[in-house]
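# Chains, contacts and geometry: an overview
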Amino acid sequence: ERKAALSASTGPGATSDGHKVPLLANVGGPADVPAAVEAGAEGVGLFRTEFLFLDDSKTAPSEEKQVEAYRQVLEAFPEGRVVVRVLDAGADKPLDFLTPADEPNPALGVRGLRTLLDHPDVLRTQLTALAKASDGLPVYLEVMAPMVADRTDAKAFADACREAGLRAKFGAMVEIPSAALRARSILQEVEFLSLGTNDLAQYTFAADRQVGAVSRLQDPWQPALLDLVALSAEATKAEGKSCGVCGEAASDPLLACVLTGLGVTSLSMGAASIPYVRATLAKYTLAQCERAASAARAADTAEEARIAAQAVLSGE
Ligand code: PEP
Ligand code: MG
């Protein structure tokens, strides 16, 4: 029965009353594209470009090598969206030639966009490669920066994109609580937000994502995390822009309904989760998702939030 429900689950992501929520895939490179296409992804919501840099950890890959890899992903979604994240080095993704070796707290140090702003040549090469890779393709390219803390970061990234002649939408990932708290200010510089809930949970709860002993605090059902999602989504709506989720939270079908109810406009996840999320979302109206979201936010713990959302959606 489950299989039948899943095979019936095709087409664009939407609630039962037709509120569209594009379901996009997280990919780590061209090798992940066939599974994304097979799952019916409407595009790519997070293209993690680190893989290119991990191949050879002594230097950045050449512009030509990058153009080739980006083009392979862009060509797979001729009508769709592809959201590329520029290099996210440091902390859990260290790179020898870029990441400072002597930081006491690498997760709080020079990582993500901070690394790129310290190495403008690396950022410039990547943006130029993206401009060349997308040239002449009908794809709807979006480029975003990881670890944006404030408007100054967002402006620095948008300026770098413009200087590289990139014709794309520029966005900011919301992975630091300050970015969620001041989302409206960040949106003065960029056209979309994408919530990286893995890092957002890490920084909200001061709980290292690599330390299993604090994994309770990494639970994306934590009501405090849902509050930050809601703040980001409300700010984006007020600015008439879009707010996706590309962290692990989006791959939990029940939580995907709650995120939709909070006002998130697209969900990006590992390809294998897409059919499950599509099938679950299709069972509920937007109003039901909104009620589930309110119930989850009213809870005190992650476990209670999950139970409260489930109760609303199953009509209890
Ligand atoms: C996140 O932090 O939620 C995210 C999507 O980025 P990564 O897991 O690659 O840090
Ligand atoms: Mg992250």
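Residues numbered from 1 in each chain as written. Chains lettered and ligands numbered in written order. Predicted model: local features only at pLDDT ≥ 70, side-chain atom pairs only at ≥ 80, totals over all residues.

### Brief notes about the overall build of the protein
What counts here: A helix here means a DSSP run of H or I that spans at least four residues, while a strand means a run of E at least two residues long, and both kinds are numbered starting from the N terminus. The atom set for the radius of gyration is the C-alpha atoms, and the globule formula is 2.2 Å times the number of residues raised to the power 0.38. Using C-beta atoms placed from the backbone, we call a residue buried if 20 or more other C-beta atoms fall within 10 Å of its own, exposed if 12 or fewer do, and partly exposed for counts in between. By definition, residues are in contact whenever their C-beta atoms, placed on the basis of the backbone, come within 7 Å of each other.
On a plain count of helices and strands, the protein comes out with 15 helices and eight strands. For 316 residues, the compact-globule formula gives about 20 Å, and the C-alpha radius of gyration of the protein, at 19 Å, lands near that figure. Counting only C-alpha atoms, the protein reaches 55 × 40 × 35 Å along its principal axes. Residues counted as buried form 48% of the 316 residues belonging to the protein. Considering only residue pairs separated by 6 or more positions, the protein has 67% of its internal contacts joining residues 24 or more positions apart.

### Regarding the UniProt feature "binding site: Mg(2+)" (unreviewed entry) in the protein
The line we're drawing: UniProt positions are given in the numbering used here, feature names are shortened, and annotations may be inferred rather than shown by experiment.
Taken from the UniProt record, the annotation "binding site: Mg(2+)" (unreviewed entry) applies to Glu175 and Asp199. Of the residues just listed, which span 25 residues, no C-alpha pair is farther apart than 5.1 Å, and they cluster in one region. Structurally, Glu175 can be placed in the loop between β5 (169-174) and α8 (177-181). Residue position: Asp199 is located in helix α10 (residues 197-204).

### Let's talk about the site of ligand 1
Stated formally: A residue counts as near a molecule or strand when its C-beta atom, positioned from the backbone, falls within 6 Å of it. Under the grouping applied here, Gly and all other residues not named as nonpolar or charged are polar, the nonpolar ones being Ala, Val, Leu, Ile, Met, Phe, Trp, Tyr, Cys and Pro and the charged ones Asp, Glu, Lys and Arg.
As a structural note, the neighbourhood of ligand 1 is formed by Leu46, Arg48, Asp88, Glu175, Gly196, Thr197, Asn198, Asp199, Cys246 and Gly247. The set of elements that each furnish at least two residues to the shell around ligand 1 consists of β2 (43-48) and α10. Per element, the largest residue contribution to the shell around ligand 1 is three residues, and it comes from α10. Within the shell around ligand 1, the residues separate by chemical class into two nonpolar, four polar and four charged.

### Brief notes about the UniProt feature "binding site: phosphoenolpyruvate" (unreviewed entry) in the protein
This chain's UniProt record puts "binding site: phosphoenolpyruvate" (unreviewed entry) on Arg48, Arg85, Asn198, Asp199 and Arg209. Its place among the elements puts Arg85 in strand β3 (residues 81-85). On the basis of neighbour count, Arg85 is assigned to the buried category, with 24 C-beta atoms found within 10 Å. The residues touching Arg85, leaving out its near neighbours within four places in the chain, are Leu46, Phe47, Arg48, Thr49, Met144, Pro146 and Met173. Its location among the elements puts Asn198 in helix α10.

### Some remarks on the sheet that holds strand β8 (residues 266-269)
Test applied: Think of it this way: DSSP has to see at least two bridges between two strands before they count as a pair. Between N-to-C directions, angles cover 0 to 180 degrees, with each direction set by a line fitted to C-alpha atoms, over the stretch in contact for helices.
With parallel pairing, eight strands are arranged side by side around a closed barrel as β1-β2-β3-β4-β5-β6-β7-β8. Each adjacent strand pair in this sheet contributes to an overall mean axis angle of 25°, direction not counted. Here four bridges tie β5 to strand β6 (residues 192-195), and the two strands are oriented parallel to one another. Within the sheet, the bridge partner assigned to Gly171 lies in β6 and is Phe192. Lying on the sheet, helix α4 (residues 63-75) is in contact with β1 (23-27), β2, β3 and β4 (140-145); it crosses β3 at an angle near 150°.

### Some points on the nonpolar core
Threshold: To count as a nonpolar core, a set of buried Ala, Val, Leu, Ile, Met, Phe, Trp, Tyr and Cys residues must be joined through C-beta atoms within 7 Å.
In terms of nonpolar packing, the biggest core is built from 102 residues, with Val44, Val148, Ala172, Val258, Leu259, Leu267 and Ala292 touching the most fellow members. With seven residues, the single largest contributor to this core is helix α11 (residues 223-238). If we ignore the near neighbours within four places in the chain, the residues touching Val258 are Cys289, Ala292, Ala293, Ala296 and Ala309.

### Description of helix α14 (residues 286-298)
Short version of the rule: For a helix, the expected span equals 1.5 Å multiplied by the residue count minus one. This arc is taken over the directions from the axis of the helix to the C-beta atoms.
The end-to-end C-alpha distance of α14, which contains 13 residues, comes to 18 Å, matching closely the 18 Å that a straight helix rising 1.5 Å per residue would cover. Residues of α14 that are buried include every one of Cys289, Ala292, Ala293, Ala295 and Ala296, and no others. An end-on view of α14 places all buried positions within 165° of arc, on one side of the element. For α14, the exposed residues set more than 90 degrees away from the buried face come down to Ala287 and Ala298. Those residues of α14 that are buried are in contact with α11, α12 (253-262) and α15 (302-313).

### Topic: the confidence of the model for the protein
The condition is simple: Every residue is assigned a pLDDT by the predictor, reflecting its confidence on a scale from 0 to 100.
For the protein, the mean per-residue pLDDT works out to 95, and 97% of the residues sit at or above 70. Scored as a whole, the predicted complex attains pTM 0.96, and scored at its interfaces, ipTM 0.99.

### What about helix α6 (residues 120-134)?
Across its 15 residues, α6 extends 21 Å between first and last C-alpha, which sits within 8% of the 21 Å expected from 1.5 Å per residue. Just downstream of α6 lies Gly136, where phi reads positive at about 85°.

### Comments concerning the packing of α12 against α15
For the record, the criterion: For this classification, under 35 degrees means roughly parallel, over 145 means roughly antiparallel, 65 to 115 means roughly perpendicular, and everything else is oblique.
Contact geometry of α12 with α15 gives a least axis separation of 10 Å together with a crossing angle of 80°. Viewed along their axes, α12 and α15 adopt a mutual orientation that is roughly perpendicular. For the pair α12 and α15, contact is made by Leu254, Cys257 and Val258 and by Arg306, Ala309, Gln310 and Leu313, respectively. Residue composition of the contact of α12 with α15, grouped by class: five nonpolar, one polar and one charged.

### Re unusual backbone geometry
Even without being a glycine, Ala91 presents a positive backbone phi close to 55°. Here Ala91 is to be found in the loop between β3 and α5 (113-118). With 23 C-beta atoms packed within 10 Å, Ala91 lands in the buried category. Positive phi values are uncommon outside glycine, yet Ala206 reaches one of about 50°. Structurally, Ala206 is set in the loop between α10 and α11.

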